[in-house]
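Chain and residue survey
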Amino acid sequence: MKIIDLTKNNSRTQDRLLPAVDAIKNGNLVVIPTETVYGLAADCFNISAVNKIFLVKNRPYSDPLIVHISNLRQLHQVVKYIPENAKKIIKVFWPGAVSLVLYKKSSVPDIVTAGLKTVCIRMPENEVTRKFIELCGTPLAVPSANIFSRVSATDISHIIKDFDGVKEIKYVIYTGRPKYGIESTVIDCTSYPFRVLRYGAVDIEEIKKKCKVEIIEQKRIFQKKSPGMFKKHYAPIKPTYVSFNITKYIKTVTKEELNNVTIVCSKKTKDKLREILKDGSSVITYGNTLKEIAKNLYLCLRLAEEMDTKKIVVEATKMSGLGKTIMDRLLKASEGKIV
Ligand code: TXA
Ligand code: MG
């Protein structure tokens, strides 16, 4: 696994991407950047290459992949038909962190879509990602670059931790920490009205308002509306809990218990806790605004699982806007366990 580091020197980007392009053309895997989280890419038309994704991630075949494209010509290569309302979303939000589920063409192999008649598509905002797909000359099947059910990767250290030494992955294209840090929003465009399948980096309200399209939201976060929606997901290796009131939680536990907890919370909450907490308590701050929290959440969860403590308690956010996305991830990471 060689690293193509584009964070320091942006010159000759195209030339530096070419060995990774060859790796895709030869049926191997490449870790690619996106504006949401890092992805593990294969040529979406090459069944044995796509199969490698499932093997190295330990991902069940029942969990469909998102096909990433660099232009609209590639969209027509993989989907049968684009409803007018989907065209409106595409016009405003592509390239961007919105993925659309549409009816697939038969050219898309079943392994990509878990045997469904539909395929999920997105055109990433990160320019290096689009350049790479364009150079590959084919749409790419790209799940998040992490071991199945674990925390997604938003830093080079996460990719190395999960995949170092995996021979199927030839390159990591690194462009630094992703702008959003949380996965794309997924919308099912095969039902009428459209439905949200996964809250993501782009707020549903913004999509509804800007495109004047009706999109139904799921009432319960755990409702199983699509394959790949698992109860436990985005989960650290240590037991994880959500707290709606960290100060109250800390007052209810013993000192010994507290020594075995890593707390992940806002800067504001950490400042409040300073009085109560003794030195030595592990507190990681994920920022203050919802945008900061979304961007730092996976980094903080990965840090927390490496700490010398037994469990993780994460402060809940409000449930509106990006907060819906953050709480979706937190409730899955914790399997709904609240303290
Ligand atoms: O931001 C993202 O979308 C990232 C980056 C790498 O682009 N990718 C990502 O992929 O999050 P992944 O594999 O971790 O999540 C894909 C999810 C599936 O678990 C499923 O929920 C949904 O997308 N999905 C894919 N194809 C679908 C389909 N045909 N019907 C319904 N849901 C689908
Ligand atoms: Mg994932």
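What you are looking at is a predicted structure, and each value in this text was computed from that prediction instead of being measured.

**Comments concerning the pattern of salt bridges**
Side-chain pairing between opposite charges can occur once the charged atoms of the two side chains come close. Counting across every chain of the model gives 21 salt bridges. By sharing partners, the salt bridges in this structure join Glu183, Asp328, Arg329 and Lys332 into a single network.

**Details of the site of ligand 1**
In the vicinity of ligand 1 lie 27 residues, with Thr36, Arg59, Asp63, His68 and Ser184 positioned nearest. Within the side chain of Ser144, one N or O atom sits 3.0 Å away from an oxygen atom of ligand 1. For ligand 1, the accessible surface in isolation is 680 Å², of which the surrounding protein chains cover 97%. Element by element, the count of residues in the shell around ligand 1 is highest for strand E6 (residues 118–122), at four residues. Here the residues of the shell around ligand 1 are counted per class, giving 14 nonpolar, eight polar and five charged.

**Quick look at the packing of aromatic side chains**
As enumerated under the stated definition, the model contains three aromatic pairs in all. Between Tyr38 and Tyr174 the ring centres are 5.3 Å apart and the planes differ by 15°, which places this aromatic pair in the stacked class. Placement of Tyr38 in the loop between strand E2 (29–32) and strand E3 (39–43) and of Tyr174 in strand E8 (residues 169–174) is noted, with a sequence separation of 136 residues between them. Relative accessible area serves as the criterion here: at 9%, Tyr174 is assigned to the buried category. Its end group placed over the ring of Tyr241, Lys311 keeps NZ or CZ at 4.8 Å from the ring centre.

Parameters and conventions
- Residues numbered from 1 in each chain as written.
- Chains lettered and ligands numbered in written order.
- Predicted model: local features only at pLDDT ≥ 70, side-chain atom pairs only at ≥ 80, totals over all residues.
- Heavy atoms only, no water.
- Salt bridge = Lys/Arg side-chain N within 4 Å of Asp/Glu carboxyl O.
- Near = heavy atom within 4 Å.
- Polar contact = N/O pair within 3.5 Å; in protein donor to acceptor, adjacent residues only side chain to side chain.
- Areas by Shrake-Rupley, 256 points an atom, 1.4 Å probe, with all protein chains shown as cover.
- Helix = DSSP H or I, 4+ residues; strand = E, 2+ residues; numbered from the N terminus.
- Nonpolar A, V, L, I, M, F, W, Y, C, P; charged D, E, K, R; others polar.
- Phe/Tyr/Trp six-rings, centres within 6.5 Å; stacked < 30°, edge-to-face > 60°.
- Buried < 20%, exposed > 50% of the residue type's maximum accessible area, 1.4 Å probe, protein only.
- Lys NZ or Arg CZ within 6 Å of the ring centre and 35° of its normal.

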